[in-house]
Amino acid sequence: MSPKPDATPPPLPAPLSVPVADSHTHLDMQSGTVEEGLAKAASVGVTTVVQVGCDIKGSRWAAETAAAHENVHAAVALHPNEAPRIVHGDPDGWSRQGAREAGGDAALDDALAEIDRLAALEQVRAVGETGLDFFRTGPEGVAAQEASFRAHIEIAKRHGKALVIHDRDAHSDVLRILTEEGAPERTVFHCYSGDADMARICANAGYYMSFAGNVTFKNAQPLRDALAAAPLELVLVETDAPFLTPAPYRGRPNAPYLIPVTVRAMAAVRGIDEDAMARAIAANTARAFGY
């Protein structure tokens, strides 16, 4: 039997003196109300969040939540794993929607049309998270993922919005498609997972790299090397909450109020003080998401 995960929320970290933004969170998957989550985050200097949709329902919720809260910005998309589920069905009901029938390419087109509609809204600052995920989806889902990714790139460019990328076990293919399609002016690699060499490729292309709590994990030296190699003006921070809780709280629920833990770890990697790190992150996030 594996040990039961600890559901106790980690304690509040010491507040940052320079306010920052959580560039990628899922408030709809966290416990407590949105208001409670935002207040707790603001109390430690995390004053802005980007709420990210992964499917139609979540993207609509992100847009509604951003419309209701001044310090919440929305990103809307079909997650790379969502596209194959729409096309081929989801008999196991792994996603939050439960079991689904196959809808084919027509269903994917319909879903993309709704993302396009949402992307036009003022409070929607980004199209994402989109990209490729070869970890959870097998070869049969690649075509649907790639078609969806290309469509999202086009939507982001047409509406002048940032593009938020989910890239899992698919670095070379993600970079190839961005080159083939022409990346939007503002492109963010969420939960950056490449190495230092890839960080240099992203830097040359002007892509932002957003680091999550896993940069604090013991086995994450390649991520820390990437952070050290990335230009400071292209670095963001995120929680991806409720996932990827930073050490020493790994395995417990994550939330935007834990951003200071990661910011301090990032400052240590860069060899700068936490205020300098926070100032850079705050400016970069506003520039990346156009708020």
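Relevant structure appears above.
Residues numbered from 1 in each chain as written. Predicted model: local features only at pLDDT ≥ 70, side-chain atom pairs only at ≥ 80, totals over all residues. Heavy atoms only, no water.

Brief notes about the sheet that holds strand β8 (residues 235–237)
- The 8 strands lie next to each other as β1-β2-β3-β4-β5-β6-β7-β8, forming an open sheet whose pairing is parallel. Looking along the sheet, the strands with just one partner apiece sit at the ends: β1 (20–25) and β8. Strand-to-strand twist of the sheet, defined as the mean angle between neighbouring strand axes without regard to direction, takes the value 30°.
- Across 6 bridges, the pairing between strand β4 (residues 124–133) and strand β5 (residues 162–168) is parallel. Each residue of the ladder has a partner; that of Asp-133, found in β5, is Arg-168.
- Contacts from helix α10 (residues 274–289) reach β1, β2 (46–52), β4, β5, β6 (187–189), β7 (208–211) and β8 within the one sheet, and its direction differs from that of β8 by about 95°. (Pairing = 2+ DSSP bridges. Helix = DSSP H or I, 4+ residues; strand = E, 2+ residues; numbered from the N terminus. Axes fitted to C-alpha atoms, helices over the stretch in contact; angles between N-to-C directions. Contact = heavy atoms within 4.5 Å.)

Some details on the environment of Leu-163
- With respect to the helices and strands, Leu-163 occurs in strand β5.
- Considering only alpha carbons, one finds Leu-163 and Arg-150, 13 residues apart in sequence, at a separation of 11 Å.
- Apart from the residues within four sequence positions on either side, Leu-163 is in contact with Val-127, Thr-130, Phe-149, His-152, Ile-153, Ala-156, Leu-178, Pro-184, Arg-186, Thr-187 and Val-188.

Examining helix α5 (residues 142–159)
- Compared with an ideal rise of 1.5 Å per residue, which puts 18 residues at 26 Å, α5 spans 26 Å between its outermost C-alpha atoms and is within 8% of the ideal.
- Residues of α5 that are buried include every one of Ala-144, Gln-145, Glu-146, Ser-148, Phe-149, His-152, Ile-153, Ile-155 and Ala-156, and no others.
- Buried-residue contacts for α5 involve α3 (82–88), α4 (104–119), β4, β5 and α6 (171–181).
- Directly after α5, the chain includes Gly-160, whose backbone phi takes a positive value near 65°. (Expected span 1.5 Å × (residues − 1). Buried < 20%, exposed > 50% of the residue type's maximum accessible area, 1.4 Å probe, protein only.)

Regarding the state of the cysteines
- All chains considered together, the criterion is met by 0 disulfides.
- Cysteine Cys-202 shares no disulfide, and the gap to the nearest cysteine sulfur, in Cys-191, comes to 13 Å. (Disulfide = S-S within 2.5 Å.)

Some remarks on the side chain of His-73
- Relative to the elements of secondary structure, His-73 occurs in strand β3 (residues 72–76).
- Those residues in contact with His-73 that lie beyond four places of it in its chain are Thr-48, Val-49, Val-50, Gln-51, Ala-66, Gln-123, Arg-125 and Tyr-291.

Some details on the pattern of salt bridges
- One pass over the structure, following the stated rule, counts 16 salt bridges.
- Arg-60 is the partner of Glu-114 in a salt bridge, and the nearest nitrogen-oxygen pair spans 2.9 Å. Of this pair, Glu-114 sits in helix α4 while Arg-60 is found in helix α2 (residues 56–68), placing the two residues 54 residues apart along the sequence.
- Accessibility expressed as a relative area gives 38% for Arg-60, which makes it partly exposed.
- Of the charged contacts in the structure, one is a salt bridge between Asp-116 and Arg-158, with a shortest N-O distance of 3.2 Å. Of this pair, Asp-116 sits in helix α4 while Arg-158 is found in helix α5, placing the two residues 42 residues apart along the sequence.
- Through salt bridges that share partners, Glu-146, Arg-150, Asp-173, Arg-176, Glu-180 and Glu-181 make up one connected network. (Salt bridge = Lys/Arg side-chain N within 4 Å of Asp/Glu carboxyl O.)

As for the packing of aromatic side chains
- Scanning the model with the defined rule gives 2 aromatic pairs in all.
- With 5.7 Å between their ring centres and 35° between their planes, Phe-189 and Tyr-207 make a pair best called tilted. You can see Phe-189 sitting in strand β6 and its partner Tyr-207 sitting in the loop between α7 (196–205) and β7, a full 18 residues away along the chain. Note on accessibility: Phe-189 and Tyr-207 belong to one class, buried.
- Ring geometry for Tyr-192 against Phe-211: centres 5.5 Å apart, planes inclined by 50°, an arrangement best described as tilted. Here Phe-211 lies in strand β7 and Tyr-192 lies in the loop between β6 and α7, a separation of 19 residues in the sequence.
- For Phe-211, a relative accessible area of 0% puts it in the buried group. (Phe/Tyr/Trp six-rings, centres within 6.5 Å; stacked < 30°, edge-to-face > 60°.)

Quick word on the pairing of β5
- With 6 of its 7 residues buried, β5 lies for the most part within the structure.
- Crossover β4 to β5 through α5 is right-handed. (Right-handed = clockwise from strand over helix to strand, strands pointing away.)

Here's the deal with the packing of helix α9 (residues 259–270) against α10
- Contact geometry of α9 with α10 gives a least axis separation of 9 Å together with a crossing angle of 105°. The angle between α9 and α10 falls in the class roughly perpendicular. Across the interface between the two elements, Val-263, Arg-264, Met-266, Ala-267 and Arg-270 of α9 pack against Glu-274, Met-277, Ala-278 and Ile-281 of α10. (Parallel < 35°, antiparallel > 145°, perpendicular 65-115°, else oblique.)

The analysis is restricted to geometry; functional conclusions fall outside its scope.
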